[in-house]
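The residues making up each chain are set out below.
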Amino acid sequence: MSKRKHDEEDSLSTASSDSADSLGHVEDYQRAKRNRRVRFSERTVFHFPRTQGYTCVPSNGGTTLGMKHKHTFVERILISDDDLSESEDSYDSADSGEEHCFMPIPQKDRKDILKAAGVKKINKQEAIECMQIRYSRQICGCSCKEFCELESCSCHLNGINCQVDRDSFPCGCTREGCQNPYGRHEYDPITVRRHFIETERRLGQMSALASAFIH
């Protein structure tokens with residue numbers, strides 16, 4: 001056997017050993033993470049009746065959903081091993097960085113939910129007020145076109161910076177044409193996404209350090 005072939009086999013053997021060790025460390029970490037979690041024998045569920053919310057502004061119109069201030073009854077449920085296993089799977093799924101989102105409930109469905117909950121009379125004034133709020137939120141920013149004239153720029157006159165969330169909204173000034181001494185802020189989705197990823201990375205490092213400290 002040539003020396004070169006012998007060296008290649010040693011390298012492959014070392015790489016396989018390192019890979020196995022790394023996999024073992026990952027499995028040990030996952031096992032330790034599961035073992036150090038707090039476990040409960042039962043859970044207490046408070047049930048609140050549905051009612052109109054008056055606490056938010058639906059983007060697609062209509063009335064809002066809420067719950068009454070006092071619950072109607074309390075339910076205590078024993079937690080089985082199957083529940084624990086399902087809960088751990090959900091925890092691991094959340095740790096893996098999967099994105100979870102809640103879709104808005106359509107206007108008609110919200111009305112049906114309130115009626116099914118026993119709300120006999122829905123206050124239509126809430127829907128009107130929400131519509132007015134949505135409209136008022138669209139009337140914002142200065143009406144400048146590319147350039148800001150300080151004597152007519154509403155942002156400058158109110159002592160605030162210009163704001164651009166997307167092209168020409170809510171402020172119509174450009175980066176080069178804005179003369180507002182209070183500044184101009186432009187929403188950058190790339191920067192926001194980078195901040196989100198960086199925050200997740202720091203939280204992961206903190207979690208790893210806390211795990212190492214515990215063990």
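Figured I'd write up the structure that's included with this text. (Residues numbered from 1 in each chain as written. Predicted model: local features only at pLDDT ≥ 70, side-chain atom pairs only at ≥ 80, totals over all residues. Heavy atoms only, no water.)

**Regarding the side chain of Glu-126**
So, step 1. Tracing the backbone shows Glu-126 in helix H4 (residues 124-138).
So, step 2. Lacking a salt bridge, the buried Glu-126 has Arg-110 as its closest oppositely charged neighbour, with an N-O distance of 7.5 Å.
So, step 3. Leaving out residues up to four positions away in the same chain, Glu-126 has contacts with Gln-52, Gly-53, Tyr-54, Thr-63 and Thr-64. (Helix = DSSP H or I, 4+ residues; strand = E, 2+ residues; numbered from the N terminus. Buried < 20%, exposed > 50% of the residue type's maximum accessible area, 1.4 Å probe, protein only. Lys, Arg positive; Asp, Glu negative; His and termini not counted. Salt bridge = Lys/Arg side-chain N within 4 Å of Asp/Glu carboxyl O. Contact = heavy atoms within 4.5 Å.)

**Here we look at the side chain of Thr-63**
So, step 1. In this fold, Thr-63 is placed in the loop between strand E2 (50-52) and strand E3 (65-67).
So, step 2. Under the relative-accessibility criterion, Thr-63 is labelled buried at 8%.
So, step 3. Not counting the four nearest positions on each side in its chain, Thr-63 is found in contact with Gln-52, Pro-58, Arg-110, Leu-114, Ile-122, Asn-123, Glu-126 and Ala-127.

**Examining unusual backbone geometry**
So, step 1. At the junction of Phe-169 and Pro-170, the peptide bond is cis and its omega measures out at -5° in the coordinates.
So, step 2. Along the chain, Pro-170 falls in strand E6 (residues 169-170).
So, step 3. Look at Glu-146: it is not a glycine, yet its phi comes out positive at around 70°.
So, step 4. For Glu-146, the position within the fold is in the loop between H4 and helix H5 (154-157).
So, step 5. Not every positive phi belongs to a glycine, and Ser-168 is a case in point at roughly 60°.
So, step 6. By secondary structure assignment, the location of Ser-168 is in the loop between strand E5 (162-166) and E6.

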